[in-house]
Amino acid sequence: ISYYLDENANWALDVKELERALSEAKTRCTPRALVVINPGNPTGQVLSRDNIESIIKFAHKNHLLILADE
């Protein structure tokens, strides 16, 4: 599942974008996991604590396993 980072928010991962990507993916597969790479490549941007917490809540709500590459 592809999702886009928000360049205007220092490359943060917006939950609305995750919801869009998940909804789109459900039309062709059954998503089971979310991969989060932090710090991000190639920018090296580190997600804020609030952003990480919102990603965890999103994954929990949608029954997704988190694969974290840190």
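Residues numbered from 1 in each chain as written. Predicted model: local features only at pLDDT ≥ 70, side-chain atom pairs only at ≥ 80, totals over all residues. Heavy atoms only, no water.

## A short note on the overall build of the protein chain
Then, number 1: Within the protein chain, the secondary structure is distributed over 2 helices and 2 strands.
Then, number 2: The N-to-C order of helical and strand elements in the protein chain reads α-β-α-β.
Then, number 3: Its C-alpha atoms give the protein chain a radius of gyration of 12 Å, within 12% of the compact-globule value 11 Å for 70 residues.
Then, number 4: Reported as C-alpha extents along the three principal axes, the dimensions of the protein chain are approximately 30 × 20 × 20 Å.
Then, number 5: When burial is assessed residue by residue, the protein chain has 27% of its 70 residues classed as buried.
Then, number 6: Partitioning the contacts of the protein chain with sequence separation of at least 6, the portion at a separation of at least 24 is 56%.
Then, number 7: Of the roughly 5,200 Å² that the protein chain leaves accessible, carbon and sulfur atoms contribute 51%. (Helix = DSSP H or I, 4+ residues; strand = E, 2+ residues; numbered from the N terminus. Rg over C-alpha atoms; globule rule 2.2 N^0.38 Å. Buried < 20%, exposed > 50% of the residue type's maximum accessible area, 1.4 Å probe, protein only. Contact = heavy atoms within 4.5 Å. Areas by Shrake-Rupley, 256 points an atom, 1.4 Å probe, with all protein chains shown as cover.)

## A short note on the pattern of salt bridges
A side chain of one charge can pair with a side chain of the opposite charge if their charged atoms are brought near each other.
Then, number 1: Under the defined criterion, the tally for this structure stands at 5 salt bridges.
Then, number 2: Between Arg49 and Glu53 there is a salt bridge whose closest N-O contact spans 2.9 Å. Of the two residues, Arg49 and Glu53 are both situated in helix α2 (residues 49-61); the distance of 4 residues between them amounts to about one turn of the helix.
Then, number 3: Residue classification places Arg49 among the exposed residues on the basis of a relative accessible area of 65%.
Then, number 4: Taking relative accessible area as the criterion, Glu53 reaches 30% and is therefore assigned partly exposed. (Salt bridge = Lys/Arg side-chain N within 4 Å of Asp/Glu carboxyl O.)

## Here we look at helix α1 (residues 15-25)
Then, number 1: Glu17, Leu18, Ala21, Leu22 and Ala25 are the residues of α1 that are buried. Projected down its long axis, α1 carries its buried residues within an arc of 135 degrees, all on one side.
Then, number 2: On its buried face, α1 is in contact with β1 (33-37) and α2. (Arc of directions from axis to C-beta.)

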